[in-house]
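Tertiary structure, described
Below, each chain spelled out in residue letters.
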Amino acid sequence: MLDGVWHAVGYEPGWQARYEREQAQQATERLLTWMRNTPGEFVGAEVPFDAELVLPSGEALRAVGKVDRLDRDGDELVITDFKTGQAIDGGRGRLPRTARPLPMGR
């Protein structure tokens with residue numbers, strides 16, 4: 001899958017290029033496996049949001065940002081936050097965090 005674009009990364013031939021290529025291949029395979037096993041229908045990526053959240057105390061907060069991935073699973077929206085920093089699963093590979101459920105208001 002990466003063969004068609006790997007040349008654009010710009011690594012000099014050698015051990016580092018081989019290592020980085022293997023790491024990229026493994027990450028791509030993990031992502032594709034996760035995507036195949038994710039229920040629901042893809043809605044969008046980098047979806048902007050602007051929402052008011054009301055705390056149990058009655059205080060209102062405004063949340064603004066972008067959702068990495070948004071899916072629809074029945075009458076719920078599923079938000080996925082992809083982490084690219086330190087692994088949170090004991091170093092076995094980076095996995096996305098998924099928040100659920102968000103009932104859809106109509």
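Read on for an overview of the structure. All values reported here derive from a predicted model rather than from experimental measurement.

Moving on, we come to a nonpolar patch on the surface. A cluster of nonpolar side chains, contributed by Leu53, Leu55 and Leu61, occupies part of the molecular surface with about 230 Å² of accessible area. For Leu53, the location among the structural elements is in strand 1 (residues 41-54).

As defined by bridge partners, strand 1 adjoins strand 2 (residues 60-73) across 12 bridges and the pair is classed as antiparallel. Note that in strand 2 the partner of Ala51 across the bridge is Ala63. Pairing of strand 2 with strand 3 (residues 76-81) involves 5 bridges; the strand directions are antiparallel. Looking at strand 3, one finds that Leu70 is bridged to Ile79. What sits between the antiparallel neighbours strand 2 and strand 3 is a turn of 2 residues, in which Gly74 has the positive phi angle 65 degrees.

Looking now at the pattern of salt bridges. As enumerated under the stated definition, the model contains 2 salt bridges in all. One salt bridge connects Arg62 with Asp50, and the closest N-O pair in it is separated by 2.5 Å. With Arg62 in strand 2 and Asp50 in strand 1, the pair connects residues that are 12 residues apart, well separated along the chain.

For the rest of this paragraph, the subject is unusual backbone geometry. Positive phi values are uncommon outside glycine, yet Glu46 reaches one of about 55 degrees. You can see Glu46 is positioned in strand 1. Owing to a relative accessible area of 44%, Glu46 belongs among the partly exposed residues under this scheme.

Analysis parameters
- Numbers given for residues are sequential positions, taken from 1 along each chain in its written order.
- Restriction of local features to residues with pLDDT of at least 70 applies here, the model being predicted, together with a cutoff of 80 or more for giving and counting side-chain atom pairs; totals for whole chains, interfaces and linings are based on all residues.
- Side-chain numbers come from the whole structure's heavy atoms, not from hydrogens or water.
- To count toward a patch, a residue needs a relative accessible area over 30% and no salt bridge; like charges are then connected within 9 Å, while nonpolar side chains (Val, Leu, Ile, Met, Phe, Trp, Tyr) are connected within 5 Å.
- Note that accessible areas follow from Shrake-Rupley with a 1.4 Å probe, and for residues the cover is restricted to the protein chains shown.
- A carboxyl oxygen of Asp or Glu within 4 Å of a side-chain nitrogen of Lys or Arg is what we treat as a salt bridge.
- Counting from the N terminus, the helices are the DSSP runs of H or I reaching at least four residues and the strands are the DSSP runs of E reaching at least two.
- Two strands are said to pair when DSSP picks up at least two bridges between them.
- Each residue gets one of three labels from its accessible area relative to the maximum for its type: buried under 20%, exposed over 50%, partly exposed in between, using a 1.4 Å probe on protein chains only.

Function cannot be read off these values alone, since they describe shape.
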